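Structure at a glance
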Amino acid sequence: MIVTLTMNPAVDKTVAVDVLGLGETNRVSEVITDASGKGINVSRALVKLGFSSTTAGFLAGQDGRWIEEELLKQGITPKFTWLAQGRTRVNTKIYEKLTGRTTEVNEPGPIVQKIDEEALWEDLDALIPVTQYLICSGSLPHGLATDFYARLIKRYGNFDVRICLDTSGSALASGVQARPYLIKPNLDEAEHLLGYVIDDLDSVQSAMKSFIQLGIPLVILSLGEKGAIFYREGAEPLWARAEAELIGSTSGCGDALLAGVVSGLLAQRPWDATVRWSIAVATATAEIFGTKFPNLEHIERVLPRVQVEKLSEGHW
(Lines give C-alpha, C1' and ligand atoms only; values in the text may rest on other atoms or scores of the structure.)
Protein backbone atom coordinates (compact mmCIF):
# COMPACT_ATOMS: atom_id res chain seq x y z
CA MET A 1 0.00 0.00 0.00
CA ILE A 2 1.13 3.54 -0.80
CA VAL A 3 0.20 6.10 1.85
CA THR A 4 0.65 9.83 1.41
CA LEU A 5 0.72 12.02 4.51
CA THR A 6 -0.53 15.59 4.17
CA MET A 7 -0.29 17.43 7.47
CA ASN A 8 -1.69 20.68 6.09
CA PRO A 9 -4.22 19.90 3.29
CA ALA A 10 -5.94 22.62 1.32
CA VAL A 11 -8.68 23.43 -1.11
CA ASP A 12 -6.87 24.87 -4.14
CA LYS A 13 -8.78 27.57 -5.99
CA THR A 14 -7.05 28.45 -9.27
CA VAL A 15 -8.27 31.51 -11.16
CA ALA A 16 -7.10 32.64 -14.59
CA VAL A 17 -6.59 36.29 -15.60
CA ASP A 18 -4.81 37.83 -18.59
CA VAL A 19 -2.27 39.68 -16.43
CA LEU A 20 -2.54 40.32 -12.68
CA GLY A 21 -2.79 44.02 -11.89
CA LEU A 22 -1.82 44.82 -8.29
CA GLY A 23 -4.16 47.34 -6.70
CA GLU A 24 -6.57 46.98 -9.62
CA THR A 25 -9.79 45.15 -10.39
CA ASN A 26 -8.95 41.88 -12.16
CA ARG A 27 -11.43 40.00 -14.36
CA VAL A 28 -11.33 36.22 -13.95
CA SER A 29 -11.91 34.13 -17.08
CA GLU A 30 -11.76 30.65 -15.53
CA VAL A 31 -11.97 29.08 -12.05
CA ILE A 32 -10.98 25.55 -11.00
CA THR A 33 -11.29 24.13 -7.47
CA ASP A 34 -9.26 21.07 -6.44
CA ALA A 35 -8.65 18.96 -3.35
CA SER A 36 -4.99 19.60 -2.67
CA GLY A 37 -2.01 19.71 -0.34
CA LYS A 38 1.30 18.16 -1.40
CA GLY A 39 0.67 14.60 -0.25
CA ILE A 40 -2.85 14.64 -1.64
CA ASN A 41 -1.40 15.84 -4.94
CA VAL A 42 0.99 12.89 -4.98
CA SER A 43 -1.94 10.51 -4.42
CA ARG A 44 -3.93 12.12 -7.23
CA ALA A 45 -0.95 11.84 -9.59
CA LEU A 46 -0.36 8.19 -8.61
CA VAL A 47 -3.97 7.28 -9.39
CA LYS A 48 -3.57 8.86 -12.83
CA LEU A 49 -0.47 6.68 -13.26
CA GLY A 50 -2.44 3.55 -12.45
CA PHE A 51 -1.53 3.03 -8.78
CA SER A 52 -3.95 2.94 -5.85
CA SER A 53 -3.22 5.29 -2.98
CA THR A 54 -4.37 6.05 0.56
CA THR A 55 -4.21 9.54 2.05
CA ALA A 56 -3.65 10.41 5.71
CA GLY A 57 -3.08 13.57 7.73
CA PHE A 58 -5.36 16.19 9.23
CA LEU A 59 -8.70 17.51 8.00
CA ALA A 60 -11.21 19.85 9.62
CA GLY A 61 -14.52 21.56 8.97
CA GLN A 62 -16.72 21.79 5.90
CA ASP A 63 -13.82 22.26 3.48
CA GLY A 64 -12.25 19.11 4.91
CA ARG A 65 -15.44 17.17 4.21
CA TRP A 66 -15.40 18.47 0.64
CA ILE A 67 -11.81 17.26 0.19
CA GLU A 68 -12.70 13.80 1.51
CA GLU A 69 -15.66 13.53 -0.86
CA GLU A 70 -13.57 14.66 -3.84
CA LEU A 71 -10.84 12.11 -3.13
CA LEU A 72 -13.38 9.30 -2.90
CA LYS A 73 -14.71 10.32 -6.33
CA GLN A 74 -11.17 10.05 -7.69
CA GLY A 75 -10.65 6.54 -6.35
CA ILE A 76 -8.37 7.55 -3.46
CA THR A 77 -8.89 6.03 0.00
CA PRO A 78 -9.06 8.73 2.72
CA LYS A 79 -7.77 7.78 6.18
CA PHE A 80 -7.59 11.23 7.73
CA THR A 81 -7.49 12.23 11.37
CA TRP A 82 -10.15 14.84 12.07
CA LEU A 83 -9.20 17.86 14.15
CA ALA A 84 -11.29 18.64 17.19
CA GLN A 85 -11.69 22.23 15.99
CA GLY A 86 -10.62 24.65 13.27
CA ARG A 87 -10.99 24.57 9.48
CA THR A 88 -9.02 23.26 6.52
CA ARG A 89 -7.27 26.07 4.65
CA VAL A 90 -8.11 27.44 1.20
CA ASN A 91 -5.26 28.44 -1.13
CA THR A 92 -5.77 30.80 -4.06
CA LYS A 93 -3.56 30.54 -7.14
CA ILE A 94 -3.70 33.31 -9.74
CA TYR A 95 -2.57 32.19 -13.20
CA GLU A 96 -1.66 34.82 -15.81
CA LYS A 97 -2.45 33.55 -19.28
CA LEU A 98 -0.25 36.07 -21.11
CA THR A 99 2.90 35.52 -19.00
CA GLY A 100 2.49 31.94 -17.73
CA ARG A 101 3.17 33.11 -14.17
CA THR A 102 1.32 31.75 -11.15
CA THR A 103 0.96 33.81 -7.95
CA GLU A 104 -0.01 31.84 -4.85
CA VAL A 105 -1.85 33.20 -1.80
CA ASN A 106 -1.81 30.42 0.80
CA GLU A 107 -3.67 30.40 4.12
CA PRO A 108 -1.80 29.19 7.25
CA GLY A 109 -4.12 26.32 8.15
CA PRO A 110 -5.57 25.22 11.52
CA ILE A 111 -3.83 24.87 14.88
CA VAL A 112 -3.20 21.28 15.96
CA GLN A 113 -3.78 20.41 19.60
CA LYS A 114 -1.94 17.71 21.56
CA ILE A 115 -5.02 15.48 21.49
CA ASP A 116 -5.05 15.76 17.69
CA GLU A 117 -1.42 14.67 17.38
CA GLU A 118 -2.03 11.70 19.68
CA ALA A 119 -4.98 10.64 17.52
CA LEU A 120 -2.83 10.91 14.39
CA TRP A 121 -0.13 8.63 15.86
CA GLU A 122 -2.79 6.03 16.63
CA ASP A 123 -4.09 6.18 13.07
CA LEU A 124 -0.59 5.95 11.58
CA ASP A 125 0.31 3.03 13.85
CA ALA A 126 -2.56 1.11 12.28
CA LEU A 127 -1.50 1.97 8.71
CA ILE A 128 2.27 1.49 8.81
CA PRO A 129 2.38 -2.34 9.13
CA VAL A 130 0.66 -2.66 5.73
CA THR A 131 2.42 0.26 4.02
CA GLN A 132 5.19 -0.12 1.44
CA TYR A 133 5.78 3.60 0.82
CA LEU A 134 4.91 6.46 3.18
CA ILE A 135 5.23 9.79 1.37
CA CYS A 136 5.39 12.72 3.80
CA SER A 137 4.80 15.93 1.88
CA GLY A 138 4.32 19.57 2.69
CA SER A 139 4.41 22.00 5.56
CA LEU A 140 3.47 21.31 9.16
CA PRO A 141 0.42 23.01 10.68
CA HIS A 142 0.67 25.30 13.68
CA GLY A 143 0.86 23.38 16.94
CA LEU A 144 3.24 20.66 15.74
CA ALA A 145 6.95 20.74 16.60
CA THR A 146 9.31 21.13 13.65
CA ASP A 147 10.91 17.76 14.44
CA PHE A 148 7.64 15.92 13.72
CA TYR A 149 8.91 14.23 10.55
CA ALA A 150 12.19 13.26 12.25
CA ARG A 151 10.24 11.61 15.07
CA LEU A 152 8.03 9.84 12.52
CA ILE A 153 11.01 8.44 10.61
CA LYS A 154 12.58 7.16 13.84
CA ARG A 155 9.28 5.77 15.16
CA TYR A 156 8.79 3.56 12.10
CA GLY A 157 12.45 2.82 11.40
CA ASN A 158 12.08 -0.88 12.25
CA PHE A 159 9.13 -1.39 9.90
CA ASP A 160 9.46 -2.49 6.28
CA VAL A 161 8.31 0.88 4.95
CA ARG A 162 10.16 3.32 2.70
CA ILE A 163 9.62 6.85 4.01
CA CYS A 164 9.90 9.67 1.47
CA LEU A 165 10.23 13.25 2.75
CA ASP A 166 9.29 16.36 0.78
CA THR A 167 9.18 19.39 3.06
CA SER A 168 11.16 22.55 3.80
CA GLY A 169 12.82 24.69 6.47
CA SER A 170 13.37 23.32 9.95
CA ALA A 171 11.15 20.30 9.27
CA LEU A 172 13.49 19.28 6.44
CA ALA A 173 16.65 20.08 8.41
CA SER A 174 15.64 17.80 11.28
CA GLY A 175 14.06 15.21 9.00
CA VAL A 176 17.20 14.53 6.94
CA GLN A 177 19.14 13.75 10.11
CA ALA A 178 16.78 10.83 10.69
CA ARG A 179 17.74 9.48 7.25
CA PRO A 180 14.51 8.89 5.30
CA TYR A 181 14.57 6.70 2.21
CA LEU A 182 14.11 9.66 -0.18
CA ILE A 183 14.19 13.46 -0.10
CA LYS A 184 13.09 15.90 -2.81
CA PRO A 185 14.19 19.46 -2.05
CA ASN A 186 13.80 22.24 -4.60
CA LEU A 187 16.48 24.90 -5.09
CA ASP A 188 15.18 27.25 -2.38
CA GLU A 189 14.84 24.41 0.13
CA ALA A 190 18.31 23.07 -0.70
CA GLU A 191 19.90 26.52 -0.36
CA HIS A 192 18.25 27.03 3.02
CA LEU A 193 19.36 23.60 4.21
CA LEU A 194 22.96 23.81 2.95
CA GLY A 195 23.54 27.50 3.60
CA TYR A 196 24.76 28.65 0.19
CA VAL A 197 23.43 29.77 -3.19
CA ILE A 198 23.00 27.09 -5.88
CA ASP A 199 23.16 28.90 -9.21
CA ASP A 200 25.62 27.09 -11.46
CA LEU A 201 26.84 23.59 -12.29
CA ASP A 202 29.65 23.64 -9.69
CA SER A 203 27.27 24.59 -6.86
CA VAL A 204 24.75 21.95 -8.01
CA GLN A 205 27.48 19.31 -7.92
CA SER A 206 28.55 20.49 -4.45
CA ALA A 207 24.95 20.31 -3.23
CA MET A 208 24.55 16.76 -4.49
CA LYS A 209 27.80 15.71 -2.79
CA SER A 210 26.47 17.18 0.48
CA PHE A 211 23.19 15.29 0.15
CA ILE A 212 24.97 12.05 -0.72
CA GLN A 213 27.09 12.39 2.41
CA LEU A 214 23.90 12.38 4.49
CA GLY A 215 23.53 8.70 3.63
CA ILE A 216 20.04 9.03 2.13
CA PRO A 217 19.49 6.34 -0.57
CA LEU A 218 17.53 8.52 -3.02
CA VAL A 219 17.86 12.27 -3.58
CA ILE A 220 15.96 14.35 -6.14
CA LEU A 221 17.00 18.00 -6.40
CA SER A 222 14.27 19.86 -8.26
CA LEU A 223 15.55 22.70 -10.47
CA GLY A 224 12.23 24.04 -11.77
CA GLU A 225 12.38 24.73 -15.51
CA LYS A 226 15.93 23.27 -15.59
CA GLY A 227 14.56 19.84 -14.64
CA ALA A 228 15.96 17.85 -11.73
CA ILE A 229 19.05 16.02 -10.52
CA PHE A 230 18.53 12.38 -9.53
CA TYR A 231 20.80 10.37 -7.25
CA ARG A 232 20.40 6.71 -6.36
CA GLU A 233 22.77 5.08 -3.89
CA GLY A 234 25.70 3.53 -5.74
CA ALA A 235 25.01 5.33 -9.04
CA GLU A 236 26.27 8.56 -10.58
CA PRO A 237 23.83 11.52 -10.37
CA LEU A 238 21.75 12.13 -13.50
CA TRP A 239 20.41 15.45 -14.78
CA ALA A 240 17.10 15.26 -16.64
CA ARG A 241 14.91 17.94 -18.16
CA ALA A 242 12.25 18.56 -20.80
CA GLU A 243 10.75 21.71 -22.27
CA ALA A 244 7.02 22.21 -21.83
CA GLU A 245 5.15 23.08 -25.01
CA LEU A 246 2.90 25.53 -23.17
CA ILE A 247 2.83 26.34 -19.45
CA GLY A 248 -0.68 25.78 -18.10
CA SER A 249 0.22 25.95 -14.40
CA THR A 250 3.29 25.02 -12.36
CA SER A 251 1.12 24.02 -9.40
CA GLY A 252 1.67 20.38 -8.43
CA CYS A 253 4.70 19.81 -10.69
CA GLY A 254 6.98 18.85 -7.81
CA ASP A 255 4.37 16.46 -6.47
CA ALA A 256 4.00 14.92 -9.93
CA LEU A 257 7.79 14.49 -10.09
CA LEU A 258 7.76 12.58 -6.80
CA ALA A 259 4.80 10.45 -7.93
CA GLY A 260 6.68 9.66 -11.13
CA VAL A 261 9.73 8.43 -9.21
CA VAL A 262 7.68 6.27 -6.82
CA SER A 263 5.62 4.83 -9.69
CA GLY A 264 8.81 3.97 -11.55
CA LEU A 265 10.22 2.19 -8.50
CA LEU A 266 6.98 0.28 -7.97
CA ALA A 267 6.93 -0.76 -11.63
CA GLN A 268 10.59 -1.85 -11.29
CA ARG A 269 11.66 0.28 -14.23
CA PRO A 270 15.43 0.64 -14.80
CA TRP A 271 16.75 3.70 -12.96
CA ASP A 272 17.40 5.78 -16.09
CA ALA A 273 13.89 4.94 -17.33
CA THR A 274 12.44 6.00 -13.97
CA VAL A 275 14.29 9.32 -14.22
CA ARG A 276 13.03 9.90 -17.76
CA TRP A 277 9.48 8.91 -16.79
CA SER A 278 9.28 11.17 -13.75
CA ILE A 279 10.45 14.23 -15.72
CA ALA A 280 7.82 13.48 -18.36
CA VAL A 281 5.13 13.28 -15.66
CA ALA A 282 6.18 16.63 -14.15
CA THR A 283 6.45 18.36 -17.54
CA ALA A 284 3.05 17.09 -18.65
CA THR A 285 1.60 18.41 -15.38
CA ALA A 286 3.00 21.88 -16.16
CA GLU A 287 1.06 21.82 -19.43
CA ILE A 288 -2.31 21.55 -17.63
CA PHE A 289 -4.26 24.45 -16.10
CA GLY A 290 -5.01 24.17 -12.38
CA THR A 291 -3.74 21.57 -9.91
CA LYS A 292 -4.41 18.72 -12.33
CA PHE A 293 -2.38 15.69 -13.34
CA PRO A 294 -1.82 14.11 -16.76
CA ASN A 295 -3.05 10.83 -18.15
CA LEU A 296 -0.69 8.21 -19.55
CA GLU A 297 -1.26 9.29 -23.18
CA HIS A 298 -0.16 12.86 -22.37
CA ILE A 299 2.96 11.61 -20.58
CA GLU A 300 3.89 9.35 -23.50
CA ARG A 301 3.76 12.40 -25.81
CA VAL A 302 6.23 14.23 -23.57
CA LEU A 303 8.73 11.36 -23.21
CA PRO A 304 10.57 12.01 -26.52
CA ARG A 305 11.36 15.54 -25.30
CA VAL A 306 13.15 14.35 -22.14
CA GLN A 307 16.94 14.73 -22.09
CA VAL A 308 19.02 12.73 -19.58
CA GLU A 309 22.76 13.03 -19.02
CA LYS A 310 25.28 12.44 -16.28
CA LEU A 311 25.58 15.45 -13.98
CA SER A 312 29.37 15.39 -14.37
CA GLU A 313 28.94 15.88 -18.12
CA GLY A 314 26.19 18.50 -17.98
CA HIS A 315 26.23 22.06 -19.31
CA TRP A 316 24.37 24.64 -17.21
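For every chain, the first residue of the written sequence is number 1, and numbering continues from 1 onward in sequence order. Note on the predicted model: pLDDT of at least 70 is required for a residue's local features to be given, and 80 or more for side-chain atom pairs to be given and counted; whole-chain, interface and lining totals, by contrast, use all residues. Based on all heavy atoms of the structure, the side-chain values leave hydrogens and waters out of the count.

1. Points about the packing of helix α1 (residues 38-48) against helix α8 (residues 253-266)
- Note on method: axes are straight lines fitted to C-alpha atoms, helices fitted across the in-contact stretch only, with angles between N-to-C directions ranging 0 to 180 degrees. The way it works is that DSSP assigns letters per residue, a run of H or I at least four long becomes a helix, a run of E at least two long becomes a strand, and they are numbered from the N terminus. Close contact between α1 and α8 brings their axes to 8 Å; oriented N to C, the two are set at 50°. When the axis of α1 is compared with that of α8, the two are oblique. Taken as a pair, α1 and α8 cross one another with a handedness that is right-handed. Counting all contacts with α1, which are made through Lys38, Asn41, Val42, Ala45 and Leu46, the residues of α8 involved are Asp255, Ala256, Leu258, Ala259 and Ser263.
- Put simply, Ala, Val, Leu, Ile, Met, Phe, Trp, Tyr, Cys and Pro go in the nonpolar bin, Asp, Glu, Lys and Arg in the charged bin, and everything else, Gly too, in the polar bin. When grouped by side-chain class, the residues that make up the contact of α1 with α8 number six nonpolar, two polar and two charged. By definition in this entry, angles of less than 35 degrees are roughly parallel, angles greater than 145 are roughly antiparallel, angles of 65 to 115 are roughly perpendicular, and the rest are oblique. Rotating anticlockwise by less than a right angle from the far helix to the near helix defines a left-handed crossing, while the corresponding clockwise rotation defines a right-handed one. Contacts between residues were defined by any pair of non-hydrogen atoms, one from each residue, lying within 4.5 Å.

2. Focus: unusual backbone geometry
- Residues other than glycine seldom take positive phi values, yet Arg179 does so here, at roughly 60°.
- With respect to the helices, strands and loops of the structure, Arg179 is situated in the loop between α5 (169-177) and β11 (182-183).
- Working definition: with a 1.4 Å probe on protein chains only, accessible area under 20% of the residue-type maximum means buried, over 50% means exposed, and in between means partly exposed. Judged by its relative accessible area of 53%, Arg179 is exposed.
- Positive phi, close to 60°, is recorded for Gln268, a residue that is not glycine.
- Tracing the backbone shows Gln268 in the loop between α8 and α9 (271-286).

3. Some points on the layout of surface pockets
- A 1.4 Å probe that fits but cannot get out identifies a cavity on a 1 Å grid over protein atoms alone, an open set with protein on both sides within 12 Å along at least five of seven lines counts as a pocket, and a residue lines either if it has an atom within 4 Å of a point. Grid points are joined across faces, edges and corners, and a volume is the space filled by probe spheres set on the points. Looking at the largest pocket, its volume works out to about 1,200 Å³.
- The wall of the largest pocket is formed by 46 residues, among which Ser222, Thr250, Gly252, Cys253 and Gly254 lie closest to the centre.
- For the lining of the largest pocket, the elements supplying multiple residues, two or more each, are β2 (10-17), α1, β7 (89-96), α8 and α9.
- Tallied by class, the residues present in the lining of the largest pocket amount to ten nonpolar, 23 polar and 13 charged.

4. Notes on empty space enclosed by the protein
- By the definition in use, this model includes one cavity of 30 Å³ or more.
- Around the largest cavity, the lining residues are Met7, Asn8, Pro9, Phe58, Leu59, Ala60, Leu83, Thr88, Arg89, Pro110 and Pro141.
- Broken down by class, the residue content of the lining of the largest cavity amounts to eight nonpolar, two polar and one charged.

5. Regarding the packing of aromatic side chains
- Note on ring pairs: Phe, Tyr and Trp rings are taken, using the six-membered ring of Trp, and paired if centres are within 6.5 Å. Classes follow the plane angle, with under 30 degrees stacked, over 60 edge-to-face and the rest tilted. Enumeration according to the criterion identifies seven aromatic pairs in this entry.
- Their ring planes at 70° and their centres at 5.9 Å tell us that Tyr156 and Phe159 sit as a pair that is edge-to-face.
- Its relative accessible area of 37% is what places Phe159 among the partly exposed residues.
- A connected cluster of aromatic rings, assembled from ring pairs, spans Trp121, Phe148, Tyr149, Tyr156 and Phe159.
- Only when the NZ atom of a Lys or the CZ atom of an Arg is both within 6 Å of the ring centre and within 35 degrees of the ring normal do we say a charge sits over the ring. Directly above the ring of Trp82 sits Arg65, whose terminal nitrogen or CZ lies 3.7 Å from the centroid.
- A cation over a ring is seen here: Arg269 above Trp277, with NZ or CZ 4.1 Å from the ring centre.

6. So, the nonpolar core
- Grouped together as the largest cluster of nonpolar side chains are 46 residues, with contacts concentrated most on Leu5, Met7, Leu134, Phe148, Tyr149, Leu152 and Leu221.
- Filtering out sequence-adjacent residues up to four positions away, Phe148 remains in contact with Leu5, Met7, Glu117, Leu120, Trp121 and Leu140. We define a nonpolar core as any set of buried Ala, Val, Leu, Ile, Met, Phe, Trp, Tyr and Cys residues linked to one another through side-chain atoms lying within 4.5 Å.

7. Here we look at the pairing of strand β1 (residues 2-6)
- Where burial is concerned, most of β1 is hidden: five out of the five residues are buried.
- Alternating positions in β1 separate into two faces, Ile2, Thr4 and Thr6 on one and Val3 and Leu5 on the other, with burial throughout.
- By definition, two strands form a pair when at least two bridges between them are found by DSSP. Of the pairings in the sheet, the one linking β1 to strand β9 (residues 133-137) comprises five bridges and is parallel in character. Each bridged residue has a counterpart across the sheet, and for Thr4 the counterpart in β9 is Ile135.
- Relative to strand β4 (residues 54-59), β1 is paired through four bridges, and the arrangement is parallel. Each bridged residue has a counterpart across the sheet, and for Val3 the counterpart in β4 is Thr54.

8. As for the sheet that holds strand β8 (residues 102-105)
- An order of β3-β2-β7-β8 is seen for the four strands of this open sheet, with the pairing classed as mixed. This sheet does not close on itself; its edge strands, each paired only once, are β3 (30-36) and β8. The average undirected angle you get between the axes of adjacent strands in this sheet is 20°.
- Summarising the sheet, β7 and β8 pair through four bridges and their orientation is antiparallel. By the bridge assignment, Tyr95 is partnered in β8 with Thr102.
- Running over the sheet, helix α2 (residues 61-73) touches β2, β3 and β7 and is turned about 85° from β3.

9. Regarding the packing of α8 against α9
- Across the interface, α8 lies against α9 with an axial gap of 8 Å and an inter-helix angle of 150°. Classified by the angle their axes make, α8 and α9 are roughly antiparallel. Viewed along their axes, α8 and α9 form a crossing whose handedness is right-handed. Residues Cys253, Ala256, Leu257, Gly260, Val261, Ser263, Gly264 and Leu265 of α8 touch α9, and the partners they reach there are Trp271, Thr274, Trp277, Ser278, Ile279, Val281, Ala282, Thr285 and Ala286.
- For the contact of α8 with α9, a count of residues per class yields eleven nonpolar, six polar and no charged.

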